[in-house]
Amino acid sequence: MDFTFSEEQQAAAEAAKGVFADVAPDAVPSPALTPGAVAETCDRALWERLADADLLSLLLDPRYGGAGLDAVALCLVLRESAKVLARVPLLESCAAAAAVQAYGGEEAKADLLARAGRGEIVLTVAAHGRTGHDPAEQAVTARQDGGTWVLDGVQTAVPWAYDADVTLVPAHTGAGRTLLALVPRGHEGAVLAEQFSTSGERLGELRLESARLPARAVIDTEGAWEWLRDLLATGTCALALGLGERVLRMTAQYTGQREQFGFPIATFQAVAVQTADRYIDLRAMEATLWQAAWRIASGAPGPLPAAGDVAVAKIWAAEGVRRLVQTAQHLHGGFGADVDYPLHRYHAWAKHLELSLGPAAAHEEALGDLLAAHPLA
């Protein structure tokens, strides 16, 4: 067994490190200092640098100007982005483009993929349902009316909704199928209302009221939504891992310098035990992440569907990143809440990642359902 990353995957990670090297986390807008949204739009300058480095087209085939890489490469890049709190729709746009490539029609591919890979358009996904707790595919209904599809329903907390040129919306039909509708920004019958994340980022509640789409703008391929949902969840785990790694490093640096009774507090047993526990969390988050990403990338069979590995990874990511930022805040003392120090930003982002695409409890329930449906021998 060879668990090392390929040269191409490592090259993607190195390119990401180069792009993100100039991003200063303490310059990221603070939700504690900004009422409402921290910014009207994503970091467009950083988005352009990612496009110039060919990091927005990692998953696309060469015919669309891409590198033809896989979910593992994307997760390596996402891991680096979270270390600096990069304010870009990297996960959502790349995952949506990959879904269109894998399951969409030729017209949609020709219209969207090359432009998305060059960063000329932004894609996002409505993946949180009506409340953030119910299945996203149940929040919107789709019915055929002649040659068009008519969509009705509400999707909450759509990330980067105001930046996106196209939003992929899962919807269910009366026949029990799940579709993916490609809804352009400003489309008739599609209305956005502002919402805000714990990180202070601007989200959107998307209301669809008899929104009509032509058949070419609907992906009606079995398994498309499930595959996209798994990729999004796995990418969220990669973001949690990168954030957790940076937070633990910040904590190690601080406790190595902060002295009490003439000694660095890192030498105290209570501090060492807590940081060691968080290091174990990180290693578990990492192992389960790469297992899930590998299952998605390779399509390899296993005792459970790939969704089982994704659920395990998200359980560890949600609980692990929460424990990491809580311990970091505790060991930093009052300094962790200082708005001139970036730790409070990481804490806010961690809470968003913990709950994004379902908290640990939701994935534990999903894992239980999978185990019941696929009893292990």
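Model, not experiment: these values are computed from the prediction. (Residues numbered from 1 in each chain as written. Predicted model: local features only at pLDDT ≥ 70, side-chain atom pairs only at ≥ 80, totals over all residues. Heavy atoms only, no water.)

**Digging into the overall build of the protein chain**
Counting its secondary structure elements, the protein chain contains 10 helices and 10 strands. By the compact-globule yardstick of 21 Å for 377 residues, the protein chain fits well, its C-alpha radius of gyration being 21 Å. For the protein chain, buried positions account for 53% of its 377 residues. Taking all contacts inside the protein chain whose residues are at least 6 apart in sequence as the whole, residues at least 24 apart take part in 75%. (Helix = DSSP H or I, 4+ residues; strand = E, 2+ residues; numbered from the N terminus. Rg over C-alpha atoms; globule rule 2.2 N^0.38 Å. Buried < 20%, exposed > 50% of the residue type's maximum accessible area, 1.4 Å probe, protein only. Contact = heavy atoms within 4.5 Å.)

**What to know about the packing of aromatic side chains**
Evaluated as defined, the whole model comprises 2 aromatic pairs. A centroid spacing of 5.0 Å and a plane angle of 70° characterise the contact between Phe5 and Trp290, whose relative ring orientation is edge-to-face. With Phe5 in the segment before α1 (7–20) and Trp290 in helix α7 (residues 269–298), this residue pair connects regions lying 285 residues apart in the sequence. By relative accessible area, which is 27% here, Phe5 ends up partly exposed. One cation-aromatic arrangement involves Arg202 over Tyr162; the distance from NZ or CZ to the ring centre is 3.7 Å. (Phe/Tyr/Trp six-rings, centres within 6.5 Å; stacked < 30°, edge-to-face > 60°. Lys NZ or Arg CZ within 6 Å of the ring centre and 35° of its normal.)

**Observations regarding the nonpolar core**
Counting 90 residues, the largest nonpolar core has Phe20, Leu50, Leu168, Leu228 and Leu243 as its most contacted members. With 15 residues, the top contributor of residues to this core is helix α6 (residues 224–257). Excluding anything up to four places from it in sequence, Leu50 contacts Val19, Phe20, Leu55, Leu56 and Val88. In terms of nonpolar packing, the next biggest core, distinct from the first, is built from 20 residues, Val140, Ala142, Val183 and Leu206 among them. (Core = buried A, V, L, I, M, F, W, Y, C linked by side-chain atoms within 4.5 Å.)

**Remarks on the packing of α1 against helix α3 (residues 71–83)**
Contact pair α1 / α3: the axes reach a minimum separation of 9 Å and the direction vectors enclose 25°. Considering the angle they form, α1 stands roughly parallel to α3. As α1 packs across α3, the resulting crossing turns out to be right-handed. Here α1 contributes Gln9, Ala12, Ala13, Ala16, Lys17 and Phe20 to the contact with α3, which in turn contributes Val72, Ala73, Leu76, Val77, Glu80 and Ser81. Its residues assigned to classes, the contact of α1 with α3 comprises 8 nonpolar, 2 polar and 2 charged. (Axes fitted to C-alpha atoms, helices over the stretch in contact; angles between N-to-C directions. Parallel < 35°, antiparallel > 145°, perpendicular 65-115°, else oblique. Left-handed = near helix turned anticlockwise from the far one by under 90°. Nonpolar A, V, L, I, M, F, W, Y, C, P; charged D, E, K, R; others polar.)

**Describing the pairing of strand β7 (residues 202–214)**
Note: strand β3 (residues 148–159) against β7, 10 bridges, orientation antiparallel. Residue pairing for β7: Thr148 is matched across the bridge by Pro214. Between strand β6 (residues 190–196) and the antiparallel strand that follows it, β7, lie 5 residues; Gly200 among them carries a positive phi value of about 90°. (Pairing = 2+ DSSP bridges.)

**Here we look at α3**
An ideal rise of 1.5 Å per residue puts 18 Å on 13 residues; α3 measures up with 19 Å between its terminal C-alpha atoms. With 13 of 13 residues buried, α3 lies mostly within the body of the structure. The N-terminus of α3 is capped by Asp70, whose side-chain oxygen sits 3.2 Å from the backbone nitrogen of Val72. Immediately downstream of α3, the backbone of Leu85 shows phi near 55°, a positive value. (Expected span 1.5 Å × (residues − 1). Polar contact = N/O pair within 3.5 Å; in protein donor to acceptor, adjacent residues only side chain to side chain.)

**As for the side chain of Asp230**
With respect to the helices and strands, Asp230 occurs in helix α6. With near-sequence residues (within four places) excluded, Asp230 lies in contact with Ile296, Ala307 and Val310.

**Examining α1**
In an α-helix there are 3.6 residues to a turn, and that puts residues three or four apart on one side. Here α1 contains 14 residues, and its C-alpha end-to-end distance of 20 Å stays within 8% of the 20 Å for a straight helix at 1.5 Å per residue. All of the buried residues in α1 are Gln9, Ala12, Ala13, Ala16, Val19 and Phe20. Projected down its long axis, α1 carries its buried residues within an arc of 120°, all on one side. (Arc of directions from axis to C-beta.)

**Details of the pairing of strand β5 (residues 178–184)**
Counting buried positions over the 7 residues of β5 gives 5, a clear majority of the element. As paired strands, strand β4 (residues 166–172) and β5 are joined by 7 bridges and run antiparallel to one another. Bridge pairing links Ala171 to Leu179 in β5. Two successive antiparallel strands, β4 and β5, enclose a turn made up of 5 residues, where Gly176 displays a positive phi of approximately 85°. Strand direction decides the pairing type here: β5 and strand β8 (residues 218–219), joined by 2 bridges, are antiparallel. Within β8, the position partnered with Leu180 by the bridge is Ile219.

**Regarding the pattern of salt bridges**
Scanning all chains against the criterion turns up 26 salt bridges. Among the ionic pairs, Glu245 bridges to Arg79, the shortest N-O distance being 2.5 Å. Placement of Glu245 in helix α6 and of Arg79 in helix α3 is noted, with a sequence separation of 166 residues between them. You'll find Glu245 and Arg79 in the same group, each marked buried. (Salt bridge = Lys/Arg side-chain N within 4 Å of Asp/Glu carboxyl O.)

**Some details on the packing of α3 against α6**
The geometry of α3 relative to α6 is characterised by a closest axis approach of 7 Å and an angle of 40° between their N-to-C directions. With respect to their mutual orientation, α3 and α6 come out oblique. Of the two possible hands of crossing, α3 and α6 adopt the one that is right-handed. In contact with Ala71, Leu74, Cys75, Leu78, Arg79, Ser81, Ala82 and Lys83 of α3, α6 contributes Leu231, Thr234, Gly235, Ala238, Leu239, Leu241, Gly242, Leu243, Glu245 and Arg246. By residue class, the composition of the contact of α3 with α6 is 10 nonpolar, 4 polar and 4 charged.

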